[in-house]
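What the coordinates show
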Amino acid sequence: MRLHIHTFQLPLKHTFSIAHGSRDATPSLIVELSEGIHSGFGEATEIRYYGVALSEMAERLEALRPVVEALPLKSPEILWDQLQPHLEDAPFLLCALDEALHDLFGKVHGAPVYELWGMERATTPRSNYTIGIASVEEMAAKMAEQPWPLYKIKLGTGHDLKIIAALRAKTDAVFRIDANTAWTADQTIAYAPRLKELGVEFIEQPLKADDWEGMKRVYAESVLPVIADESCHGEADVARCYGFFHGVNIKLMKCGGLTPARRMAEHARSLGLKVMVGCMTESSVGISAIAQLLPLLDYVDMDGALLLKEDPAVGVEVRPDGVVFPNRNGTGAALRQS
């Protein structure tokens, strides 16, 4: 295989704010692995609050080039096992390589990844569209700009209930709430009844990731389901979330790619947990990889590329009524011609 490293600045349509901070662009590293006439693509984006920097990922990947290029094109799961010891402390980079391997493997074998997994996409969940923290007027304007049947609303202010009440007056869409660890157990339990009245489906990660005592209370007392995000990074976290959350939000970059994400989804389902896959702000390369998991999911948040002013890639298309897959094998991802 041949390794090609691409870096991009992904400009956002609007400043994106969550409880962890704000940004106007997202640096992205896109891995291209080629074999003959075929190329597979995978992505990792810079997320500073996870300690992930684009320059460090690029340097690490360049140093790993001899290992990557010496790999024979086998099952991506086998290759993940070979790469993981080199990148045990770098799941974002491992994710980009794993996505690229799945994409390349599918293209070489002439089938979409989900088909190679023996899955069908007859019924798959629709993605929500995310509204970052801003003034109520700005948040309402973003909703008007992008009408959608499901919105994920980022919260973590001193007036969160007022925000949801004001936005509810603007739309009949289903709301999902993501507090990004900004609340306490008491707040979550107290807010939940009013949020339920306002048409909220569930609350994502209300408490700090290590507040397991508080989550035990929330799990028992909240009238709304709670979904783990920051408390669920890797495979071992799925079992740990059982009895503290009603479901888990799996992020490919946090867990190390499609290979572990698929195992996590199957494990969560076996425990009776709801299964969600979420995205970062990323291009259509990463979003197309997420789409391969849709048959396993109850919920999905794959709107990352919709938040971009310019997308350097093409792949699956996320629409209000569902996902449209391209007429390409693998994950369906490709870079636009520059």
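Residues numbered from 1 in each chain as written. Predicted model: local features only at pLDDT ≥ 70, side-chain atom pairs only at ≥ 80, totals over all residues. Heavy atoms only, no water.

The next subject is the overall build of the protein chain. A tally of helices and strands in the protein chain yields 13 helices and 15 strands. On the principal axes, the C-alpha backbone points of the protein chain span a range of 55 × 40 × 40 Å. Out of the 338 residues in the protein chain, the part that is buried amounts to 59%. Within the protein chain, contacts between residues at least 6 apart in sequence are counted, and of these 65% link residues at least 24 apart. Of the roughly 13500 Å² that the protein chain leaves accessible, carbon and sulfur atoms contribute 49%. For the protein chain, the separation between the mean place of its 33 positive charges and that of its 45 negative charges on side chains is 4 Å. (Helix = DSSP H or I, 4+ residues; strand = E, 2+ residues; numbered from the N terminus. Buried < 20%, exposed > 50% of the residue type's maximum accessible area, 1.4 Å probe, protein only. Contact = heavy atoms within 4.5 Å. Areas by Shrake-Rupley, 256 points an atom, 1.4 Å probe, with all protein chains shown as cover. Lys, Arg positive; Asp, Glu negative; His and termini not counted. Charge placed at Lys NZ, Arg CZ, Asp CG, Glu CD.)

Further remarks concern the domain arrangement of the protein chain. Per the domain assignment, the segments making up the protein chain are domain 1 (2–110) and domain 2 (116–335). Distance from the C-alpha centre of domain 1 to the C-alpha centre of domain 2: 22 Å. The partner domain 2 presents 48 residues to the 38 residues of domain 1 that form the contact. Taken together, the connections running from domain 1 to domain 2 amount to 1 salt bridge. At the level of elements, β1 (2–18), β2 (21–35), β3 (38–45), α3 (76–83) and α4 (91–109) are the ones that each hand at least two residues to the side of domain 1 that touches domain 2. Taken together, the residues of the side of domain 1 that touches domain 2 sort by class into 19 nonpolar, 11 polar and 8 charged. (Domains from an automatic or database assignment. Salt bridge = Lys/Arg side-chain N within 4 Å of Asp/Glu carboxyl O. Nonpolar A, V, L, I, M, F, W, Y, C, P; charged D, E, K, R; others polar.)

Another aspect to go through is the sheet that holds strand β5 (residues 150–154). Spatially, 8 strands are ordered β4-β5-β6-β7-β8-β9-β10-β11 in an open sheet, and the strand pairing comes out parallel. Edge positions in the open sheet fall to β4 (129–131) and β11 (299–300), since each of these has one partner strand only. Where strand β8 (residues 226–228) meets strand β9 (residues 247–251), 2 bridges bridge the pair, whose relative direction is parallel. The partner of A228 across the bridge, within β9, is V248. (Pairing = 2+ DSSP bridges.)

Further remarks concern the UniProt feature "active site" (unreviewed entry) in the protein chain. UniProt annotation of "active site" (unreviewed entry) refers to K154 and K251 when read in the numbering used here. On the accessibility criterion, K154 (10% relative accessible area) is buried. For K251, the residues in contact, after removing those within four places along its chain, are D229, G278, C279 and M280. (UniProt positions renumbered as here; feature names shortened; annotations may be inferred.)

Before going further, it helps to spend a moment on the packing of aromatic side chains. Going through the model one piece at a time under the given rule, you end up with 7 aromatic pairs. An angle of 70° between the planes, with centres 5.5 Å apart, marks the rings of Y114 and F325 as edge-to-face. Of this pair, Y114 sits in helix α5 (residues 113–116) while F325 sits in the loop between β14 (322–324) and β15 (334–335), and the two are 211 residues apart along the sequence. Centroid distance W212 to F245: 6.2 Å. Interplanar angle 90°. Geometry classified as edge-to-face. Of the two residues, W212 is situated in helix α9 (residues 212–221) and F245 in the loop between α10 (235–241) and β9; the sequence distance between them amounts to 33 residues. Just as W212 is buried, F245 falls in that class too. Of the aromatic side chains, those joined through ring pairs into one cluster are Y129, W148 and Y151. (Phe/Tyr/Trp six-rings, centres within 6.5 Å; stacked < 30°, edge-to-face > 60°.)

Attention now moves to the UniProt feature "binding site: Mg(2+)" (unreviewed entry) in the protein chain. The residues that UniProt annotates with the feature "binding site: Mg(2+)" (unreviewed entry) are D178, E204 and D229. In terms of the greatest pairwise C-alpha distance, the residues named above, spread along 52 residues, form a tight cluster of at most 9.2 Å across. Here E204 lies in strand β7 (residues 200–204). Those residues in contact with E204 that sit more than four places away from it in its chain are K152, I177, D178, A179, N180, I227, D229, N249 and M276. The residue D229 is located in the loop between β8 and α10 in this model. A relative accessible area of 2% means that D229 is categorised as buried. Apart from residues lying up to four places away in sequence, D229 is in contact with D178, E204, Q205, N249, K251 and K254.

It is worth spelling out unusual backbone geometry at this point. The phi angle at T181 is positive, at roughly 70°, despite the residue not being glycine. For T181, the position within the fold is in the loop between β6 (174–178) and α8 (185–197). If you check the backbone angles, Q205 has positive phi at about 40° while not being a glycine. On the secondary structure map, Q205 appears in the loop between β7 and α9. The class of Q205 is buried, set by a relative accessible area of 0%.

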